[in-house]
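Coordinate inspection notes
Now for the letters of each chain:
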Amino acid sequence: MTSLKSIVRGTGSYLPERLLTNDDLAKMVDTSDEWIVQRTGIRQRHVAAEGEFTSDLAVKAAREALDDAGFDISDIDLIIVATTTPDMTFPATATLVQQKMGMHHGVAFDLQAVCSGFVFAVATADNYIKSGMAKRALVIGAETFSRILDWTDRTTCVLFGDGAGAIVLEGVEGGEEGILASSLRSDGAHWQKLYVDGGVSSTQTTGHVHMEGREVFKHAVGMISDVVENVLESAGYTCEDLDWFIPHQANKRIIDAAGRKLGIPAEKTIVTVDRHANTSAASVPLALREAVKDGRVNKGDLVMIEAMGGGFTWGASLIRW
Ligand code: ACO
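Residues numbered from 1 in each chain as written. Predicted model: local features only at pLDDT ≥ 70, side-chain atom pairs only at ≥ 80, totals over all residues. Heavy atoms only, no water.

Moving on, we come to the domain arrangement of the protein. In terms of domain boundaries, the protein breaks down into domain 1 (4–173) and domain 2 (178–320). Summarising the inter-unit geometry, the C-alpha centres of domain 1 and domain 2 are found 14 Å apart. Contact residues are listed per partner, giving 55 residues for domain 1 and 47 residues for domain 2. Summing both partners gives a buried area of about 3800 Å² for domain 1 against domain 2, and 67% of it is carried by carbon and sulfur. (Domains from an automatic or database assignment. Contact = heavy atoms within 4.5 Å. Buried area = accessible area lost by both parts, 1.4 Å probe.)

Here helix H3 (residues 54–69) contains 16 residues, and its C-alpha end-to-end distance of 22 Å stays within 8% of the 22 Å for a straight helix at 1.5 Å per residue. Burial in H3 covers these residues: Thr54, Ser55, Leu57, Ala58, Val59, Ala61, Ala62, Ala65, Leu66 and Ala69. Looking one or two places after H3, you find Gly70, whose phi comes out positive at around 75°. (Helix = DSSP H or I, 4+ residues; strand = E, 2+ residues; numbered from the N terminus. Expected span 1.5 Å × (residues − 1). Buried < 20%, exposed > 50% of the residue type's maximum accessible area, 1.4 Å probe, protein only.)

Moving on: the pairing of strand S5 (residues 107–111). Relative to S5, strand S4 (residues 78–82) runs parallel, the two being bridged by 5 bridges. In the strand pairing of S5, Ile79 is matched with Ala108. (Pairing = 2+ DSSP bridges.)

Taken together, 22 residues form the shell around the ligand, and within it Thr31, Arg39, Arg214, His248 and Asn251 come nearest. Between the ligand and Trp35 there is a distance of 3.4 Å, counted from a nitrogen atom to a side-chain nitrogen or oxygen. Within the contact set of the ligand, an oxygen atom lies 3.0 Å away from a side-chain nitrogen or oxygen of Asn278. For the ligand, the accessible surface in isolation is 1000 Å², of which the surrounding protein chains cover 76%. In terms of residues, the shell around the ligand owes the most to one element, helix H7 (residues 213–235), which gives 4 residues. Partitioning the shell around the ligand into residue classes produces 11 nonpolar, 7 polar and 4 charged. (Near = heavy atom within 4 Å. Polar contact = N/O pair within 3.5 Å; in protein donor to acceptor, adjacent residues only side chain to side chain. Areas by Shrake-Rupley, 256 points an atom, 1.4 Å probe, with all protein chains shown as cover. Nonpolar A, V, L, I, M, F, W, Y, C, P; charged D, E, K, R; others polar.)

Shown next as structure tokens:
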């Protein structure tokens, strides 16, 4: 029996330069800074420039993660890009990242689980590493969500932003560090609560995001709590053992409610939704990078990442830093 563990060797992130504040949005649709902050906690979001694609954001985050790890792209044999907003219908954005980074070996593919994509990609890469199919993985969450928003719909366009985050995983024998456990779930019965009304096979258009906000909210807290408790139980820990809780950054009210239900204090919770808004698959690695860079997450810390999104999909991973 192998005792291989996937250890996080490096983290990176990238946010597009252009900032869009709530006041900017109030000039575009009938909304206000006060409404958005009170209902969501969001104050601003970053928006990709014209001609700046998901793969460009992903490459910038990946380069920073590689630098942080002290690795070169030649050290990597697996790239997974979690995204809902690929550059093109095909090829996979991960192969474009591979090409832009000058990597010709190994394997690269996309993973689609909407906002849960990064957590799904971490669990997938971990299993590639533990099974011996890969040694070192670049796991990226990257989105240009601004491209699938209806900028005349105030109920959705105020909620999302663009960005990318990445981690480098390496398989190491023995030791305490690394990914301890993951749990992934989905239930397609909920797809109509959060979806994009376009697609290759159905409409041959890209479509726009539609959401029943209250329904999503209602399910989010329970689903997040279930999967977090599930992961902790399978690894033999409780919420009290956690040093850091790094939730998907969809809405401050969801983060607060999940924290309350789980009994995780606000001081242990990483929040970036105020500045990034919901960047879908990029939100968790963006928050993770921030907390590592500013020195909050340190070696030996017990870190929980979790996300929930369209499908519904939801999942969590427990990492000993
Ligand atoms: N500005 C001003 N008024 C608005 C806006 C806006 N941007 N959006 C909606 N409203 C109005 C509505 O039209 C409605 O007006 P009415 O009462 O005259 O009909 C009123 O505000 C209340 O609308 P609700 O949708 O009931 O508002 P709610 O309090 O539920 O807040 C929100 C909406 C923020 C979307 C909330 O439901 C929510 O947080 N849901 C969770 C969904 C979420 O975060 N999704 C992110 C993606 S999913 C994920 O990543 C997990």
